[in-house]
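Chain residues, written in single-letter form:
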Amino acid sequence: MTLTKVRLWTVDEYHHMTAVGILAPEEQVELIEGQIIPMAAKNPPHAATNLCAADHFRQALIGQALVRIQDPIRLGEYSEPEPDIAIVRLDSRKYIDHHPAPTEIFLLIEVADTTLAFDRGQKANLYAKAGIADYWILDVNDRQVYVLRAPTPEGYQQETVFGSDAVLAPLAFPGVDVSLQQLFP
């Protein structure tokens, strides 16, 4: 059996590919563990849920955190994913000179209508390895929320599924109760 060596791309090389036109700006891709991965199309239920959830967190966390929608985060030398929602530390310059790193991230949220397996698998492993303490997946189809916590290099040690009628607080904001039904349209 012949093993094929895979060439992994760094974040800097990924940026260079965009700068020189190898990757077009309209291409919907993200860098995951050195691989350039196409992003799934955002169907109307996905987009509406993303908007509802982001609006809710913006109102709930005014002056406490910045809510970024579908913008890159940097998770080391080989990963620059674009989570649906990233709740990050306030930065007076709005991250003009870098994308948020794990130490600046309070909560990551992915919205899943066709990507639940990927979000619970490869994305969860990536976020856990980076030490993201609080990761939520909004399941559009079943109107439930997967909450993943206790990250280790091998993955999250806790995964709890909540119905949309539950109320939950993000780890970084224990005094902020989030009615999960308000995250869905």
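Since we're looking at a predicted model, the values are computed, not measured.

Thresholds, definitions, all that
Note that residues are indexed from 1 along each chain, following the sequence as it is written. Residue-level local features of this predicted model are given only where pLDDT is at least 70; pairs of side-chain atoms are given and counted only at 80 or more, and the full residue set underlies all totals for whole chains, interfaces and linings. Each side-chain value is worked out from all heavy atoms of the structure, with water and hydrogens disregarded. Type-normalised accessible area, obtained with a 1.4 Å probe on protein chains alone, sets the label of each residue: buried when under 20%, exposed when over 50%, and partly exposed for intermediate values. Strands are runs of DSSP state E lasting at least two residues, helices are runs of H or I lasting at least four, and both sets are numbered from the N terminus onward. Pairing between strands is defined by DSSP: at least two bridges between them are needed. The contact rule is simple, with two residues in contact once any of their heavy atoms fall within 4.5 Å. The span you would expect from a helix comes to 1.5 Å times its residue count less one. Take the seven residues that end at a residue and the seven that start at it, fit an axis to each, and the angle between those axes is the bend at that residue. Should a side-chain nitrogen of Lys or Arg be within 4 Å of a carboxyl oxygen of Asp or Glu, the pair is scored as a salt bridge. When charges are counted, Lys and Arg contribute as positive and Asp and Glu as negative, whereas His and the chain ends are disregarded. Each polar contact in these results corresponds to two N or O atoms within 3.5 Å; when the atoms are within protein, one needs to be able to donate a hydrogen and the other to accept it, and residues that are neighboring in sequence are counted only if both atoms are side-chain atoms. Lines are fitted to the C-alpha atoms to define the axes, a helix being fitted only along its stretch in contact, and any angle between axes, read from their N-to-C directions, falls within 0 to 180 degrees.

**Regarding the pairing of strand 1 (residues 29-32)**
Part 1 of the reasoning: Covered by surrounding structure in strand 1 are Val-29 and Leu-31 together with Glu-30 and Ile-32, the residues of both alternating faces.
Part 2 of the reasoning: Between strand 1 and strand 2 (residues 35-38), which pair antiparallel and follow one another directly, the connecting turn spans two residues, one of which, Glu-33, has a positive phi of 50°.

**A look at the environment of His-56**
Part 1 of the reasoning: As for its placement among the helices and strands, His-56 is situated in helix 2 (residues 44-60).
Part 2 of the reasoning: Looking at His-56, the relative accessible area reads 14%, which means it is buried.
Part 3 of the reasoning: Note: C-alpha distance between His-56 and Phe-184 (128 residues apart in sequence) is 9.8 Å.
Part 4 of the reasoning: Look past the residues within four positions of His-56 in its chain and what remains in contact with it is Val-178, Ser-179, Gln-182 and Leu-183.

**As for helix 3 (residues 116-129)**
Part 1 of the reasoning: Helix length check: helix 3 (14 residues) gives 19 Å between terminal C-alpha atoms against 20 Å at 1.5 Å per residue, within 8%.
Part 2 of the reasoning: Helix geometry: helix 3 is bent most strongly at Lys-123, by close to 35°.
Part 3 of the reasoning: By the burial criterion, the buried members of helix 3 are Asp-119, Lys-123, Ala-124, Leu-126, Tyr-127 and Ala-128.
Part 4 of the reasoning: On the buried face of helix 3, the contacting elements are strand 1, strand 5 (105-112), strand 6 (134-139), strand 7 (144-152) and strand 8 (155-163).

**Things to note about the pattern of salt bridges**
Part 1 of the reasoning: For the structure shown, the criterion picks out seven salt bridges.
Part 2 of the reasoning: Here Glu-13 and Arg-7 are joined by a salt bridge, their closest N and O atoms 2.9 Å apart.
Part 3 of the reasoning: Glu-13 sits in the partly exposed class, given a relative accessible area of 26%.
Part 4 of the reasoning: According to the relative accessible area criterion, Arg-7 is partly exposed, its value standing at 46%.
Part 5 of the reasoning: The closest approach of N and O atoms between Glu-30 and Lys-123, which form a salt bridge, is 3.2 Å. Of this pair, Glu-30 sits in strand 1 while Lys-123 is found in helix 3, placing the two residues 93 residues apart along the sequence. Accessibility classification places Glu-30 together with Lys-123 in one group, the buried group.
Part 6 of the reasoning: Connected via shared salt-bridge partners are Glu-30, Glu-110 and Lys-123.

**Section: the side chain of Asp-139**
Part 1 of the reasoning: On the secondary structure map, Asp-139 appears in strand 6.
Part 2 of the reasoning: The buried charged residue Asp-139 lacks any salt bridge, with Arg-120 as its nearest oppositely charged partner at 7.8 Å.
Part 3 of the reasoning: From its side chain, Asp-139 meets the backbone nitrogen of Asn-141 in a polar contact 3.1 Å long.
Part 4 of the reasoning: Setting aside its immediate chain neighbours within four residues, Asp-139 contacts Ala-112, Leu-116, Gln-144, Tyr-146 and Phe-184.

**Some words on the sheet that holds strand 5**
Part 1 of the reasoning: Taken together, the six strands give an open sheet; going across it, the order is 3-4-5-6-7-8, and neighbouring strands pair in mixed fashion. In this open sheet, the two strands that pair with only one neighbour each are strand 3 (66-69) and strand 8. The mean angle between the axes of side-by-side strands here comes to 20°, regardless of whether they run parallel or antiparallel.
Part 2 of the reasoning: Pairing analysis gives eight bridges linking strand 7 to strand 8, with the strands arranged antiparallel. Bridging from a neighbouring strand, Tyr-146 pairs with Val-161 of strand 8.
Part 3 of the reasoning: Strands in contact with helix 3 are strand 5, strand 6, strand 7 and strand 8; relative to strand 6, the strand with the most contacts, it is inclined by about 170°.

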